[in-house]
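# A look at the structure
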Amino acid sequence: MSAATTTPPAATGRTPQLPPAARKARRRSAALAVVAWIVGLAFCLPALWMVLTSLHSEADAATNPPSLAASLTLDGYRQFFGGGGGPTPWPPLINSLSASLFSTVLVLVLALPAAYALSIRRVRKWTDVMFFFLSTKMLPVVAGLLPVYLFAKNAGMLDNIWLLVILYTSMNLPIAVWMMQSFLADVPVSIIEAAQVDGARLPTVLARVVAPVAGPGIAATALICFIFSWNELLFARVLTGVVAQTAPVYLTGFVTSQGLFLAQLCAASVIVSLPVLAAGYAAQDKLVQGLSLGAVK
C-alpha cells in the first residue's frame with residue numbers, strides 16, 4: 001500500500017511565500033524603521049556637527065558654508081583648558097557640579113516624604129496640594145528675578161554657590177514631588193504595613209522599604225533635577241560673578257566684542273555636556289524604568 005508524500009518547500013529550494021497581509025506588515029515595519037533612523041539622525045545631527053566644529057581651527061570653523069573636509073585639530077580643547085595662557089575652566093565646572101549635586105540631594109530628601117504623604121498616606125485635600133506645587137511653576141522665571149536679586153543683595157549672598165543650591169532646590173522641588181508621587185503610588189501598601197508591624201518607624205520605612213522599591217523612579221527624578229540644575233543659566237548669570245560662576249555662564253564668555261570663537265565655544269559645549277551624558281548613560285536603565293512606572297496598570 002503506497003502513501004502519497006509531499007515534499008517540504010525547503011527541500012525543493014524554494015522560499016515559502018508569506019501571505020499578502022504578512023508581506024504588507026513587513027514592508028510597513030521596514031518603512032517605519034527607516035523613518036525612525038532618519039528622525040534619530042536628524043536629532044543627533046546638531047550634536048555631531050558641534051563635535052565636528054570643535055575639532056576645526058577657528059579659521060575653518062568660521063567659513064561659510066562650513067567645510068567638511070577641513071583638517072582636524074585639538075586646539076579648541078587645548079585653549080579651553082587654558083593651554084594658550086587663558087583662564088582655566090575648572091572653577092566654573094566644579095561650581096556647576098557642586099550646585100547640581102547638592103541641590104539634587106536636597107530635593108530628594110525633601111520630596112520623598114512629601115510624595116509619601118501625597119501618595120501612600122494621603123493628607124486631606126491632597127489634590128489641592130498637588131495643584132499648589134504645580135502652580136509654583138506657572139510663574140515666569142523672569143518675574144522672580146528682581147525679588148531674588150534684592151534678597152540676595154541684602155543678605156550678602158551674591159556670588160555665593162549656596163544661594164544657587166537653595167534656588168535650584170526650590171525650583172526643582174515641585175517637579176520632583178509630582179514625579180515621585182506617581183512613582184510611590186505604585187508601591188504596595190502591604191509591605192509598608194508589614195514593616196510598621198515589625199516596629200519600623202517612618203524614617204526606616206522610607207529608607208529601607210519605600211526607597212528600594214521606588215528606586216528607578218527616584219533615579220529618574222534625580223537625573224532630571226540634575227540636568228535642570230546643570231543647564232540653568234538665567235539666575236546664575238545674574239546672581240554670580242567670579243567666585244560662584246557656573247559652566248553655562250562661563251560658556252557665554254566666548255561671545256566677545258572681538259567676535260565669536262566658534263571652535264572654542266563648540267569644544268567648551270562638548271566638555272560641559274559630558275557630565276550630563278555620562279549621568280544619563282550610567283542611569284539609562286533606571287531612567288527608562290522610572291519614566292515608565294505607572295504607564296501600564
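Before reading on, note that the structure itself is shown above.
A short tour of the structure in this document, coming up. (Residues numbered from 1 in each chain as written. Predicted model: local features only at pLDDT ≥ 70, side-chain atom pairs only at ≥ 80, totals over all residues. Heavy atoms only, no water.)

A few words on the nonpolar core. With 27 residues, the main nonpolar core has L112, Y116, M180, L184, I192, V205 and V210 as its most contacted residues. If you list the elements that add at least two residues to this core, you get helix 4 (90-119), helix 5 (126-135), helix 7 (161-184), helix 8 (189-197), helix 9 (202-213) and helix 10 (215-231). Take this core: its biggest share by element is seven residues, from helix 7. Apart from residues no more than four positions distant in its own chain, M180 is found in contact with L108, A111, L112, A115, I218 and T221. (Core = buried A, V, L, I, M, F, W, Y, C linked by side-chain atoms within 4.5 Å. Buried < 20%, exposed > 50% of the residue type's maximum accessible area, 1.4 Å probe, protein only. Helix = DSSP H or I, 4+ residues; strand = E, 2+ residues; numbered from the N terminus. Contact = heavy atoms within 4.5 Å.)

Attention now moves to the packing of aromatic side chains. Tallied over the entire structure, the rule returns five aromatic pairs. Measuring from ring centre to ring centre gives 6.0 Å for F80 and Y250, while their planes differ by 70 degrees; the resulting arrangement is edge-to-face. You can see F80 sitting in helix 3 (residues 75-80) and its partner Y250 sitting in helix 12 (residues 247-252), a full 170 residues away along the chain. Assigned by exposure class, F80 and Y250 land together as buried. (Phe/Tyr/Trp six-rings, centres within 6.5 Å; stacked < 30°, edge-to-face > 60°.)

A cluster of like positive charges, contributed by R23, K24, R27 and R28, occupies part of the molecular surface. You can see K24 is positioned in helix 1 (residues 20-54). (Patch = residues over 30% accessible without salt bridge, like charges linked within 9 Å, V, L, I, M, F, W, Y side chains within 5 Å. Areas by Shrake-Rupley, 256 points an atom, 1.4 Å probe, with all protein chains shown as cover. Salt bridge = Lys/Arg side-chain N within 4 Å of Asp/Glu carboxyl O. Lys, Arg positive; Asp, Glu negative; His and termini not counted. Charge placed at Lys NZ, Arg CZ, Asp CG, Glu CD.)

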